[in-house]
Amino acid sequence: MHCVQSITPDILFLGASDRRQALFENVFPIPRGISYNSYLVKDEKTVLLDTADQAVGTRFLENLAYGLQERSLDYVVVNHMEPDHAATLLEVLNTYPQSQVVGNAKTIAMIGQFFDCDISGRTVTVKEGDTLNTGRHTFTFLMAPMVHWPEVMVTYDAADKVLFSADAFGTFGALSGNIFADEVNFERDWLDDARRYYANIVGKYGVQVQTLLKKAAGLDIACLCPLHGPVWRENIGWFVEKYQTWSTYAPENKTAAIFCGSVYGHTENAAEIVANRLAEKGVKGIRLYDVSHTDVSELVSEAFRCSHLVLASATYNGGIFTPMENFLLDLKSHNFQNRTVAVIDNGTWAATAGKQMREIVGAMKNMTVLENSVSLKSSVKETQRAELETLADTLAADILA
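Residues numbered from 1 in each chain as written. Predicted model: local features only at pLDDT ≥ 70, side-chain atom pairs only at ≥ 80, totals over all residues. Heavy atoms only, no water.

Caption draft 1: Region of interest: the overall build of the protein chain. Scanning the protein chain for helices and strands turns up 13 helices and 23 strands. C-alpha extents for the protein chain along the principal axes are approximately 80 × 40 × 35 Å. Sorting the 401 residues of the protein chain into buried and exposed places 56% on the buried side. Of the contacts made within the protein chain by residues no fewer than 6 positions apart, 72% connect residues no fewer than 24 positions apart. If you sum the accessible surface of the protein chain, you get close to 16400 Å²; carbon and sulfur atoms cover 49% of it. Taken as two groups, the 34 positive and 48 negative side-chain charges of the protein chain have centres that lie 4 Å from each other. (Helix = DSSP H or I, 4+ residues; strand = E, 2+ residues; numbered from the N terminus. Buried < 20%, exposed > 50% of the residue type's maximum accessible area, 1.4 Å probe, protein only. Contact = heavy atoms within 4.5 Å. Areas by Shrake-Rupley, 256 points an atom, 1.4 Å probe, with all protein chains shown as cover. Lys, Arg positive; Asp, Glu negative; His and termini not counted. Charge placed at Lys NZ, Arg CZ, Asp CG, Glu CD.)

This is how it looks when you write it as structure tokens:
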């Protein structure tokens, strides 16, 4: 049965949510589910903006049929060809054989890669700044390559001042009736998932996101329609500013995130000493994570949030404790930069993790690694406690400056 909501008198929300899938892209945990958003504009011509994942394919197609109310479908705009938004594209084209596909040259090529079909004569190929008029609505297409695939574009509707933003401004989390960000407590209930989505899905491409933000700044946007998560019609600037912060790799909060890789608890003891000392010095919002028990997507997200990082790792097989190494390599792969880092390592006979962590962090851009690192021999002694507290004092002074 259909489940359709109105965004404006002309624009319908056809999306559906999946609460069964455990991993997004088969890698990122989504305990709150995920929404796959699709939009229908009803004008003299009808326009579908993106389709949906097969996981919600039946509901999406029911929503589309209901939204059209037996009208024909004239255009399908493909802003993003990734299967979570385009897996049902062929079914739509087969169901509505008169419809034309609107996309850029890279999109049209990708359709042939994903589907064994012939859409020759059914495509409208657009480039930067091209427009499509459907009656009252005029759509302008703006390219957004690598946000986060090379074919991505966004579509601006001048009539209702709506930006259909593809994966930009998306977030993890299923929708529960309230499709608008102003109908939920977004900062409390959604911001962490929005940050985790950005950092892990788009985080590598800060330069490209900056390019898109500059284009968006020239538009009068009354409504922001992403392909995942809530639709924005109020306080849009607040969320855009979050993207400005994240895409410039600036910290969101001046505080410390402590990442601990401990085998038997001694390295964790050192991390807790640092955390307690930071608190004594007046640092608020400290977070301490066991990298073995926290999904790496959450660790990456917290690194994006915090201004200062503490990396505390046991030496393992002559190297960095495996979950810590995986986390650092993931950070590096996301083009992470612009942070202050403290290093603590531990080793019973050869504490080498600290040196190797410094090498990975040193390969990132504009990272300040504090000189007074601490190296433990098996467990914390009083001498090391003093060193750990001195390290924490240095961090606290920088955070609170």
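Back to the text.
Caption draft 2: Fine view of the pattern of salt bridges. Overall, the coordinates contain 19 salt bridges when judged by the stated rule. Between glutamate 359 and lysine 355 there is a salt bridge; the shortest N-O distance is 2.7 Å. Here the residue glutamate 359 and the residue lysine 355 both occupy positions in helix 12 (residues 353–362), the gap between them amounting to 4 residues, near one helical turn. Looking at lysine 355, the relative accessible area reads 55%, which means it is exposed. Among the charged side chains, a network of salt bridges with common partners joins Arg277, Glu280, Arg385, Glu389 and Asp393. (Salt bridge = Lys/Arg side-chain N within 4 Å of Asp/Glu carboxyl O.)

Caption draft 3: Molecular detail of unusual backbone geometry. The linkage connecting valine 147 with the following residue, histidine 148, adopts the cis geometry, with an omega of 5°. Even without a glycine there, the phi angle at methionine 146 is positive, about 70°. Mapped onto the elements, methionine 146 comes out in the loop between strand 13 (138–143) and strand 14 (153–157). A relative accessible area of 23% means that methionine 146 is categorised as partly exposed. Positive phi is not limited to glycine here, since serine 378 has a value of about 75°. Structurally, serine 378 is set in the loop between strand 23 (374–376) and helix 13 (382–399).

Caption draft 4: Here's a closer look at the packing of aromatic side chains. By the definition in use, this model includes 25 aromatic pairs. Aromatic side chains phenylalanine 169 and phenylalanine 239 sit 5.9 Å apart centroid to centroid with 55° between the ring planes, which places their arrangement in the tilted category. Residue phenylalanine 169 is located in the loop between strand 15 (162–164) and helix 5 (186–189), and its partner phenylalanine 239 is located in helix 8 (residues 236–247); the two are separated by 70 residues in the primary sequence. Residue class for phenylalanine 239 comes out buried when judged on its relative accessible area of 0%. Consider the rings of phenylalanine 186 and phenylalanine 239, whose centres lie 5.2 Å apart with planes at 70°: the pair is edge-to-face. Note that phenylalanine 186 is positioned in helix 5 and phenylalanine 239 in helix 8, a separation of 53 residues in sequence. By relative accessible area, phenylalanine 186 is classed as buried at 5%. (Phe/Tyr/Trp six-rings, centres within 6.5 Å; stacked < 30°, edge-to-face > 60°.)

Caption draft 5: Seen up close, the side chain of serine 262. As for its placement among the helices and strands, serine 262 is situated in the loop between strand 17 (253–261) and helix 9 (266–280). With a relative accessible area of 13%, serine 262 lands in the buried category. A polar contact is formed between the side chain of serine 262 and the backbone nitrogen of threonine 267, at a distance of 3.4 Å. Of note is the side chain of serine 262, whose polar atom sits 3.2 Å from the backbone nitrogen of glutamate 268. Apart from the residues lying within four places of it in its own chain, the contact partners of serine 262 are Thr267, Glu268 and Phe321. (Polar contact = N/O pair within 3.5 Å; in protein donor to acceptor, adjacent residues only side chain to side chain.)

Caption draft 6: Spotlight on the nonpolar core. Within the largest apolar cluster, 113 residues are counted, with the highest numbers of intra-cluster contacts made by Ile7, Leu64, Phe259 and Phe327. Examining the composition of this core, we find that 7 residues originate from one element, helix 6 (residues 191–202), more than from any other. Those residues in contact with leucine 64 that lie beyond four places of it in its chain are Leu14, Leu40, Leu48, Leu73, Val92 and Tyr96. Of all hydrophobic cores here, the second largest spans 24 residues; its members include Ala275, Ala342, Leu376 and Leu395. (Core = buried A, V, L, I, M, F, W, Y, C linked by side-chain atoms within 4.5 Å.)

Caption draft 7: Seen up close, a nonpolar patch on the surface. Together, Val263, Tyr264 and Tyr316 make up an exposed nonpolar region whose accessible area comes to about 360 Å². Within the secondary structure layout, tyrosine 264 lies in the loop between strand 17 and helix 9. (Patch = residues over 30% accessible without salt bridge, like charges linked within 9 Å, V, L, I, M, F, W, Y side chains within 5 Å.)

Caption draft 8: Layout of the pairing of strand 8 (residues 46–49). Here strand 8 shows no split at all, with Thr46 and Leu48 on one side and Val47 and Leu49 on the other all buried. In terms of strand pairing, strand 7 (residues 39–42) meets strand 8 through 4 bridges, oriented antiparallel. Across the sheet, leucine 40 pairs through a bridge with leucine 48, a residue of strand 8. Hairpin connection of strand 7 to strand 8: 3 residues between the antiparallel strands. In the sheet, strand 8 pairs with strand 9 (residues 75–77) via 3 bridges, with the strands oriented parallel. Bridging across to strand 9, valine 47 finds its partner in tyrosine 75. A crossover connection joins strand 8 to the parallel strand 9 through helix 1 (residues 57–68); in handedness this β-α-β unit is right-handed. (Pairing = 2+ DSSP bridges. Right-handed = clockwise from strand over helix to strand, strands pointing away.)

Caption draft 9: Geometry of the pairing of strand 7. Relative to strand 7, strand 2 (residues 11–13) is paired through 3 bridges, and the arrangement is antiparallel. The residue of strand 7 that forms the bridge with leucine 12 is leucine 40.

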